[in-house]
Amino acid sequence: MSLQDLIKKELSKWMIAPGPESDVVVSSRVRLARNITAIPFPNRATTEEAEKIFDLVKNALKEHTPFELNLVDLAQLSDIDRTVLMEKHLISPQLARGGQYKGVAFSNDEVISVMVNEEDHLRAQVIYPGFQVEEAFQLINKLDDYLESKLDFAFSEKYGYLTSCPTNAGTGMRASVMVHLPGLTYTNRIQQLLQGVNQLGLAVRGVFGEGTEAQGNLYQISNQVTLGRTEEEIVDNLNRVTTQIIQQERHWRNQLLEERKEDLTDRILRAYGILMYAHKISSEEAVRLLSSVRLGIDLGIIKNVNPSILSELIVLIRPGFLQMIEGKQLSTEERDLHRAALIRKRMRLSQNQGIE
Amino acid sequence: MICQNCNERQASVHLTKIINGEKTEIYLCEQCAKEKGEFGFATDPFSIHNLLAGILSPDVHPSRNFVKQEVEQCKNCNMSFDEFGKIGRFGCSDCYDEFDPRLAVMMRRIHGSDQHTGKVPERQGQTILIKKRINELRTELQRAIAKEEFEKAAKLRDQIYDMEKKESIEDGGVE
């Protein structure tokens, strides 16, 4: 398979399609936690009860729905295939470990996914490229209406949708954006901003890596509170804060361009050079350099590379994907070699013809 | 004060977290605080379930220690309240009913609220929707009376009456 075919066939819409404000917002995601009345939650369900949930969801999705979801039984998949699903954000790390009667249903473009028997009986999500939290919410809300017409969701007037963990009760909704913030990071404004965001009831974490060092300057921002606020309020709050972040990030990128143009250009072109010629590369280094290259594209310093290179490659270069492409288990060193080769190929692809 | 994480050592670190004006306080011993790492923004130093265990632990209110805790258990899935306190997860949707009186405090600590205001499922939520509508009409009625719009108020009163009739039918149908 050529690299272009691979990208088109194996990657989800949010990684390859253009989206609004995508210079800062990589993707927008909304997920809902739902459970079936009275059947114990997955952490306490017997095998028979887990099977019952699986069958109920299977039946609910069997009919021709406007969402075209296909349910996959995760027990039928290999370790590598499950890891790939996790790397595409279609299933959680917990579900990637596999197990009986655990599944995921997703649409062809992989915008919608519904996990079955994760922490809750159902975890539905919508991921869109760019800044489209409102749109993602509208779609998931429609999906929820459909599912509710088929399944008896656990709901109480007081505590809303009832979930396994009390931190999800109420709306059961988590809305989030993945943002790319190199400008705020390079100008040392990031801590301040993120603390402010925290005080507004939003949680921030690095997309990759642990601790305060977010690899690739990629952060996930989501609502913390799910009870006592309407879905619209949650979306609205996230949208307002994200809009502020976009403005701040653009401001500091321009500031960098004005005041430290030569240093910045050097940093970006060095990153470009390493990605074009490296023989071996870890995913940590790759993500860091891809962040610089993406910034270079957004600032017009690099002109012949497709901007979606960041969102494509942060997924394609993960261990599961590399092993799927090669069709076998790879050692760490082999992965570093294949990763570098894949990146070199992808960089040259956009140079000559672009991906579209 | 005993550490809310290990429930063994004396607590010496006091952490206050404020979300939406709602204060969450946790007391830790030095060792647990160290193990939990820094209190920075990006890491989540406490697993949420540890935190919940802290919130639910009877040690939080030392004065209540000598009140014997009743053994509460969910009739549907047999999860006890203590077990819930330890793992921080419910066993099934019925647990919410079974443990209700104790949940409100916990929910206010987590969410700053103990009342759902969001979406109501269409099919199961008929009665809830009606109740919501009645409340809205009552507010409107109050406003109309305040503005001395008595014709409007009379109409609203009739609407409320109709809705209440509907409500009792729905209720009768369910129970």
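Relevant structure appears above.
Residues numbered from 1 in each chain as written. Chains lettered and ligands numbered in written order. Predicted model: local features only at pLDDT ≥ 70, side-chain atom pairs only at ≥ 80, totals over all residues. Heavy atoms only, no water.

1. A look at the sheet that holds strand 10 (residues 218-223) of chain A
Residue and element names in this part refer to chain A.
At step 1: Reading across from one edge, 2-3-4-5-1-8-10-9 is the order of the 8 strands in this open sheet, with antiparallel pairing throughout. In this open sheet, the two strands that pair with only one neighbour each are strand 2 (70-73) and strand 9 (202-206). Here the strands of the sheet are splayed against their neighbours by 20° on average, with no regard to which way each runs.
At step 2: Across 8 bridges, the pairing between strand 1 (residues 25-34) and strand 5 (residues 122-129) is antiparallel. Its bridge partner being in strand 5, Arg34 is matched across the sheet by Leu122. (Pairing = 2+ DSSP bridges. Helix = DSSP H or I, 4+ residues; strand = E, 2+ residues; numbered from the N terminus. Axes fitted to C-alpha atoms, helices over the stretch in contact; angles between N-to-C directions.)

2. Notes on the nonpolar core
Residues and elements named next belong to chain A.
At step 1: Among the nonpolar cores identified, the biggest contains 59 residues, and Ile112 and Ile221 are the most heavily contacted of them.
At step 2: The element that contributes the greatest number of residues to this core is helix 6 (residues 133-150), accounting for 8 residues.
At step 3: Filtering out sequence-adjacent residues up to four positions away, Ile112 remains in contact with Phe67, Leu69, Ala105, Phe106, Ser107, Gln125, Val126, Leu139 and Leu143.
At step 4: Formed by 48 residues, the second largest nonpolar core is a distinct cluster that contains Tyr186, Phe208, Leu299 and Leu310. (Core = buried A, V, L, I, M, F, W, Y, C linked by side-chain atoms within 4.5 Å. Buried < 20%, exposed > 50% of the residue type's maximum accessible area, 1.4 Å probe, protein only. Contact = heavy atoms within 4.5 Å.)

3. Some points on the packing of aromatic side chains
Residue and element names in this part refer to chain B.
At step 1: Inspection of the entire model under this criterion finds 9 aromatic pairs over all chains.
At step 2: Taking 6.1 Å as the distance between ring centres and 25° as the angle between the ring planes, the aromatic pair formed by Phe84 and Phe99 counts as stacked. Of this pair, Phe84 sits in helix 3 (residues 81-87) while Phe99 sits in the loop between helix 4 (95-98) and helix 5 (100-111), placing them 15 residues apart in sequence. Both residues of the pair, Phe84 and Phe99, belong to the buried class. (Phe/Tyr/Trp six-rings, centres within 6.5 Å; stacked < 30°, edge-to-face > 60°.)

4. Thoughts on a negative patch on the surface
Residue and element names in this part refer to chain A.
At step 1: Taken together, Glu134, Glu135, Glu232 and Glu233 make up a surface patch of like negative charges.
At step 2: Tracing the backbone through its elements, the reader meets Glu135 in helix 6.
At step 3: Under the relative-accessibility criterion, Glu135 is labelled partly exposed at 40%. (Patch = residues over 30% accessible without salt bridge, like charges linked within 9 Å, V, L, I, M, F, W, Y side chains within 5 Å. Areas by Shrake-Rupley, 256 points an atom, 1.4 Å probe, with all protein chains shown as cover. Salt bridge = Lys/Arg side-chain N within 4 Å of Asp/Glu carboxyl O. Lys, Arg positive; Asp, Glu negative; His and termini not counted. Charge placed at Lys NZ, Arg CZ, Asp CG, Glu CD.)

5. Topic: helix 3 (residues 47-62) of chain A
Residues and elements named next belong to chain A.
At step 1: An ideal rise of 1.5 Å per residue puts 22 Å on 16 residues; helix 3 measures up with 22 Å between its terminal C-alpha atoms.
At step 2: What helix 3 keeps buried is the set Ala50, Ile53, Phe54, Val57, Ala60 and Leu61. Around the axis of helix 3, the buried residues are gathered within 130° of arc, so they sit on the same side. Within helix 3, the exposed residues directed more than 90 degrees away from the buried face are Glu48 and Lys62. (Expected span 1.5 Å × (residues − 1). Arc of directions from axis to C-beta.)

6. Some details on the interface of chain B and chain A
At step 1: Tallying the contact residues gives 46 residues for chain B and 51 residues for chain A.
At step 2: Taking both partners together, chain B and chain A bury about 4,100 Å²; carbon and sulfur atoms supply 54% of that area.
At step 3: With its nearest N and O atoms 3.0 Å apart, the salt bridge here joins B:Arg123 to A:Asp152.
At step 4: Inspection of the region where chain B meets chain A yields 26 residue pairs in polar contact (both at pLDDT 80 or more). (Buried area = accessible area lost by both parts, 1.4 Å probe. Polar contact = N/O pair within 3.5 Å; in protein donor to acceptor, adjacent residues only side chain to side chain.)

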